[in-house]
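Breakdown of the fold
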Amino acid sequence: MKIGIFDSGIGGMSVLHEAYHRLPNEKYIFYADTEHVPYGLKTPEQITGYAINIAEFLIDHGAEAIVVACNTATSVAIKELRRRFDIPILGMEPAVKPAVEVTDKKRIMVIATPVTIREDKLKDLLHRVDEEHRVDLLAMPRLVEFAEREEFDSEDVRGYIEEQFSAFDKDKYCALVLGCTHFNYFKPEYRRYFGDDTLLIDGNYGTIHHLADVLGLKMSSDQDKAIYFEDYHNMLCQCNTDFYFSGKKVEDPKTLEHICRLHNRLELVRKN
């Protein structure tokens, strides 16, 4: 089975990394639309156009199912993608429902891109699951920019996170929902700010679990084994993945090493 996964940039690699753990025997095509990142500052029409073009590209390259590993693209374009293409197409949405189900009384913070927060898809989700109105929303677009340049633990990152959250009383929150796949890289900084008692919840596991159900695939029993890559050759041999950045196959050592560092970072923060 060949599975296409795409995002505006490198955030979707957090979904791919989850797939490596849960569905390690499948083949993958990962597409990062680095020419147009970040999607969170684009118009819905632009995002839909990008998503259609990428889906066509992935299907032309053999994808039998597609994961839209981008909350922003999902919120804007998933209906049009499913209307146009006759293969399974799965999207991402902030994991608000699990956060509401596993917590009680205290508030929940959802951080996402401005487009995700603005679109009706998230509003409809909150209407369905947030019956007690415990969820607050916060746009954090600069985290996408930090992630794209591999800036995860700098003073600028820390200062931005503290500044954005400063309007809220952190002691009132029991969970932080990561509503953008780029945001997974910063789990240690959220933990530093909120402390160990606040749950960090993303939608990656739920998405891959749903993918396995839809495609009739068996989840790996060795899912918690650490996956580190010493070099890009090791990664490509183990994971059967073709990487494309804005339609160009990634083959140069510098970019492949960049991808390796990102996956190692994701493994480092996986249990945070």
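Residues numbered from 1 in each chain as written. Predicted model: local features only at pLDDT ≥ 70, side-chain atom pairs only at ≥ 80, totals over all residues. Heavy atoms only, no water.

**Focus: helix 12 (residues 253-269)**
Taking 1.5 Å of rise per residue, 17 residues should cover 24 Å, and helix 12 covers 24 Å from first to last C-alpha, within 8% of that figure. Those residues of helix 12 that fall on the buried side of the exposure criterion are Thr255, Leu256, His258, Ile259, Cys260, Leu262, His263, Arg265, Leu266, Glu267 and Val269. Residues of helix 12 that are buried make contact with helix 1 (13-22), helix 7 (142-148), helix 9 (187-194), helix 11 (232-239) and strand 9 (241-245). (Helix = DSSP H or I, 4+ residues; strand = E, 2+ residues; numbered from the N terminus. Expected span 1.5 Å × (residues − 1). Buried < 20%, exposed > 50% of the residue type's maximum accessible area, 1.4 Å probe, protein only. Contact = heavy atoms within 4.5 Å.)

**Some details on the packing of aromatic side chains**
One pass over the structure, following the stated rule, counts 13 aromatic pairs. With 5.1 Å between their ring centres and 70° between their planes, Tyr31 and Phe57 make a pair best called edge-to-face. Remark: Phe57 occurs in helix 2 (residues 44-60) and Tyr31 occurs in strand 2 (residues 27-32); sequence separation between them is 26 residues. One exposure class covers both Tyr31 and Phe57, and it is buried. Geometrically, the ring pair formed by Phe168 and Tyr173 is edge-to-face, given 6.2 Å between the ring centres and 80° between the ring planes. Taken together, the aromatic side chains of Tyr20, Tyr28 and Phe229 make up a single cluster linked through ring pairs. Above the plane of the ring of Tyr160 lies Arg142, whose end atom (NZ or CZ) is 5.3 Å from the centre. (Phe/Tyr/Trp six-rings, centres within 6.5 Å; stacked < 30°, edge-to-face > 60°. Lys NZ or Arg CZ within 6 Å of the ring centre and 35° of its normal.)

**Concerning the pairing of strand 1 (residues 2-7)**
The buried fraction of strand 1 amounts to five of the six residues, a majority that puts the element mostly inside the structure. As paired strands, strand 1 and strand 2 are joined by six bridges and run parallel to one another. The partner of Phe6 across the bridge, within strand 2, is Tyr31. For the segment spanning strand 1, helix 1 and strand 2, crossover handedness is right-handed. Relative to strand 3 (residues 65-68), strand 1 runs parallel, the two sharing four bridges. When the sheet's bridge partners are listed, Ile5 is paired in strand 3 with Val67. (Pairing = 2+ DSSP bridges. Right-handed = clockwise from strand over helix to strand, strands pointing away.)

**Comments concerning the pairing of strand 5 (residues 107-112)**
With five of six residues buried, strand 5 is to be regarded as a mostly interior element. Where strand 5 and strand 7 (residues 173-178) come together, five bridges link them in parallel fashion. Looking at the pairing, Ile108 lines up with Ala175 of strand 7. Here strand 5 runs beside strand 6 (residues 135-139); their pairing, made up of five bridges, is parallel. Bridging across to strand 6, Val110 finds its partner in Leu137.

**Points about the pattern of salt bridges**
Considering all chains together, one arrives at 15 salt bridges under this definition. Among the salt bridges present, the one from Lys121 reaches Glu93, with a minimum N-O distance of 3.0 Å. Taken together, the residues Lys121 in helix 6 (residues 120-129) and Glu93 in the loop between strand 4 (89-90) and helix 4 (96-102) connect sequence positions 28 residues apart. For the salt bridge of Asp242 with Lys249, the shortest nitrogen-to-oxygen distance reads 3.6 Å. Exposure remark for Asp242: the relative accessible area of 28% places this residue in the partly exposed category. (Salt bridge = Lys/Arg side-chain N within 4 Å of Asp/Glu carboxyl O.)

**Remarks on the sheet that holds strand 8 (residues 199-202)**
Taken in spatial order, the four strands line up as 6-5-7-8 in an open sheet, and their pairing is parallel. The open sheet has two edge strands with one neighbour each: strand 6 and strand 8. Direction aside, neighbouring strands of the sheet carry axes that sit 25° apart on average. Across the face of the sheet, helix 8 (residues 155-165) comes into contact with strand 5, strand 6 and strand 7 while running at roughly 135° to strand 6. (Axes fitted to C-alpha atoms, helices over the stretch in contact; angles between N-to-C directions.)

**Description of the sheet that holds strand 9**
Ordered by their spatial adjacency, six strands build an open sheet running 4-3-1-2-9-10, and the pairing between neighbours is mixed. The open sheet has two edge strands, strand 4 and strand 10 (248-249), and neither has a second partner.

**Thoughts on the nonpolar core**
Within the largest apolar cluster, 58 residues are counted, with the highest numbers of intra-cluster contacts made by Met13, Ile111, Phe165 and Tyr190. Met13 has contacts with Phe30, Tyr185, Phe243, Phe245, Ile259, Leu262, His263 and Leu266, leaving out every residue within four places of it along the chain. In this structure, Tyr50, Ala55, Ala63 and Val115 belong to the second largest nonpolar core, which totals 25 residues. (Core = buried A, V, L, I, M, F, W, Y, C linked by side-chain atoms within 4.5 Å.)

**Observations concerning the environment of Ala73**
Take Ala73: it is sitting in helix 3 (residues 71-84). Taking the C-alpha atoms as reference points, Ala73 and Thr48, separated by 25 residues in sequence, lie 7.1 Å from one another. Excluding its chain neighbours within four sequence positions, the residues that come into contact with Ala73 are Tyr39, Ile47, Val68 and Ile78.

Shape is all these values report; function is a separate question.
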